[in-house]
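Structural characterization, general
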Amino acid sequence: MTTLQVLVLSIFIAALILENYGYGYWMISRPIFAGPLIGLLLGDIRTGLLVGGSVELMYMGVIPVGGSVPPNAQIAGILSTVFAIMSGGNAEVGIALAYPIGILAQLLVMLAWNINIVLIHRADKYLVAGDVRKVERTQLAGLIVFFFVFFIPTFLAIQFGSDFVNGLVASMPAVLTDGLKAASGIMPAVGMAMLLRMMNFKKYWSFFAIGFVCAIYLNLNVLAISIIALATVAAIFTLREQKTEMDSNVGDEPNDASEQVPGLLTDKVLKKVFLRSFFSMTTINYERYCSLGFCYAMIPALKVLYPEKERFNEALQRHNEFFNCHPYTGNAVLGVTLALEEQRAMDRPISSQAISSTKAALMGPLSSIGDSVFKATFMTIFAAIASALALDGNSIAPIVFIVPNVLLNVYSRWYFIKFGHKFGTDMIMKMKSSNIIEKFVEGATIVGMMVVGAMTVGFVNLSISSVWQIGEKEIVLQNLLDSLMPSLLPLLVVLSYYWILSKNKKGMYICIILSFALGIIGKAVGL
């Protein structure tokens, strides 16, 4: 690959990964979508599917919750795919490099978060002066920060790392290459164990068992078990004696709170706020997180509400306070804040303290809903189904993953703003007092548990090749284990990793090391 080709590819990769923080959180840089896309560009979509699906499984439970910055799945999936294709379609090499790359990328993202603190303090000066254009440019400057943080190491890795990777593969002893291949089969157990921990395994373990049993004894694939899981959830909710149906909760007529909102903000203005919300994480930082992104989104509405410069400047500064919420549910906070600002602009008794307090009160519960429902559940279910298709070499896999996630991104952002503005805090109180969210989370958890049970059979590959010779009789140890229960070793590994993660704060890294150790040492001693 020439330097120019590496340059163009690196620009494309950096722009692709940029969506994760820069422009919209579209999920297009997730391994299950980006892997096949890079494979298509480099002329080896099969390796892209294999590496993308495998790395997605490895990082499936590694999700940034709150303000955490875990190993980065996006860079890991993309560069692993590039290295795998450059090494002649050797998927095992790319998969083995995924975790080290992800940990390095974690440091790069943390660097960008720190650089953005400088932008935030620069924006403070512009906000005091009421210089909106410079505030907007400062917010969008975060795109440049993240782009170069992703571009520079990507270019260096591809330009100078391809020869290194090829040489490394050629020099590897057979026991190491076979061990890495074995380790790549064990790695998905880490992601699955993390999912079990996040989805309350202690309470819902029975559904995990049902999915596992359906896979080993009925030979059903992940898609079939997902359909069974959905039917199971429907049956559970139908047979319950509770009379509070989800439809009746959603369909309740709003109270008079909606009538308190004067019509100063039109749909046209709300759409401007909606479009800007896709850039809410562009200057995310360790000091105030998404404060400037929130302010940036509010600017079109504040211009309408406060034509007087003094009140406008005051409102600008009010919305550059600390703010951290999931990018989808954070739009509900935007909507409620718009309603409060609208009433304040009409000289209703709404103080600036009340607006700030309402934002702070809504951040926590809405962020937890976003992390648990949208990140840990919704995305995971479609990632699991798509990964199963990808490992079978099915090119429709990335489409199965990306379509529902893009639709969720667009519609949830818009309707959270629209109904947050229309109903104000009343909408949030309805969500908290009803059991709509609880039902959705419970149903999604049941489906997720059954899917992970099935994935344990299909995606965690661990077997023993040892053969015992007793007299003239030959005993294949793996056959003996299979007679007890098929896929017993993958099950034990997943459950062991779950226990380690539950007991140790650094359990993820312990599990990663154990996976490599099991693969390499196991091959070395002939297991």
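On a predicted model such as this, the values are computed, not experimentally measured, just so you know.

As a further point, take the overall build of the chain. For the chain, the count of helices and strands is 22 helices and two strands. In the chain, buried positions account for 56% of the 527 residues. Only carbon and sulfur atoms are counted for the fraction: they give 64% of the accessible area of the chain, which is about 22,700 Å².

Our focus in this paragraph is the pattern of salt bridges. Throughout the structure, instances matching the rule amount to nine salt bridges. When the shortest N-O distance is used, the salt bridge between Glu-136 and Arg-276 registers 2.7 Å. Taken together, the positions of Glu-136 in helix H6 (residues 132–171) and Arg-276 in helix H12 (residues 267–276) put the pair 140 residues apart, joining distant regions of the chain. An identical accessibility class is assigned to Glu-136 and Arg-276; each is buried. Between Asp-347 and Arg-311 there is a salt bridge; the shortest N-O distance is 3.9 Å. Of this pair, Asp-347 sits in the loop between helix H15 (330–345) and helix H16 (352–391) while Arg-311 sits in helix H14 (residues 309–318); the two residues are 36 residues apart in sequence, bridging distant segments of the chain. Using a relative accessible area of 25% as the deciding quantity, one classes Arg-311 as partly exposed. Here the salt bridges share partners, and the residues they tie into one network are Glu-314, Arg-318, Glu-341 and Arg-344.

Of all eleven residues that make up helix H2 (residues 31–41), eight are buried, and the element is covered over most of its length. Pro-31, Ile-32, Phe-33, Ala-34, Gly-35, Pro-36, Ile-38 and Gly-39 are the residues of H2 that are buried. Once H2 ends, the next one or two residues include Gly-43, with phi positive near 80 degrees.

Time to look at the state of the cysteines. Within the structure shown, the criterion is met by zero disulfides. We note that Cys-290 lacks a disulfide partner, and the nearest cysteine sulfur, in Cys-325, lies 8.9 Å from it. Among the residues examined, Cys-290 registers a relative accessible area of 5% and is labelled buried.

Another aspect to go through is a nonpolar patch on the surface. Among the surface-exposed residues, Ile-396, Ile-399, Val-403, Leu-407, Tyr-411 and Tyr-415 lie close enough to one another that they form a single nonpolar patch of about 550 Å² accessible area. Turning to its location among the elements, Val-403 is positioned in helix H17 (residues 397–423). On the accessibility criterion, Val-403 (39% relative accessible area) is partly exposed.

Within the structure shown, the criterion is met by 20 aromatic pairs. Measuring from ring centre to ring centre gives 6.3 Å for Tyr-21 and Trp-113, while their planes differ by 90 degrees; the resulting arrangement is edge-to-face. Residue Tyr-21 is found in the loop between helix H1 (3–17) and H2, and its partner Trp-113 is found in helix H5 (residues 91–129); the two are separated by 92 residues along the sequence. Considered together, Tyr-21 and Trp-113 belong to a single accessibility category, that of buried residues. Each member of the aromatic cluster is reached from another via a ring pair, and the members are Tyr-21, Trp-113, Phe-146, Phe-150, Tyr-289 and Phe-322. The side chain of Arg-276 reaches across the aromatic face of Tyr-296, ending 4.4 Å from its centre. In this structure, Lys-359 packs its charged tip against the face of Phe-294, placed 4.1 Å from the ring centre.

What counts, and at which threshold
Residues numbered from 1 in each chain as written. Predicted model: local features only at pLDDT ≥ 70, side-chain atom pairs only at ≥ 80, totals over all residues. Heavy atoms only, no water. Helix = DSSP H or I, 4+ residues; strand = E, 2+ residues; numbered from the N terminus. Buried < 20%, exposed > 50% of the residue type's maximum accessible area, 1.4 Å probe, protein only. Areas by Shrake-Rupley, 256 points an atom, 1.4 Å probe, with all protein chains shown as cover. Salt bridge = Lys/Arg side-chain N within 4 Å of Asp/Glu carboxyl O. Disulfide = S-S within 2.5 Å. Patch = residues over 30% accessible without salt bridge, like charges linked within 9 Å, V, L, I, M, F, W, Y side chains within 5 Å. Phe/Tyr/Trp six-rings, centres within 6.5 Å; stacked < 30°, edge-to-face > 60°. Lys NZ or Arg CZ within 6 Å of the ring centre and 35° of its normal.

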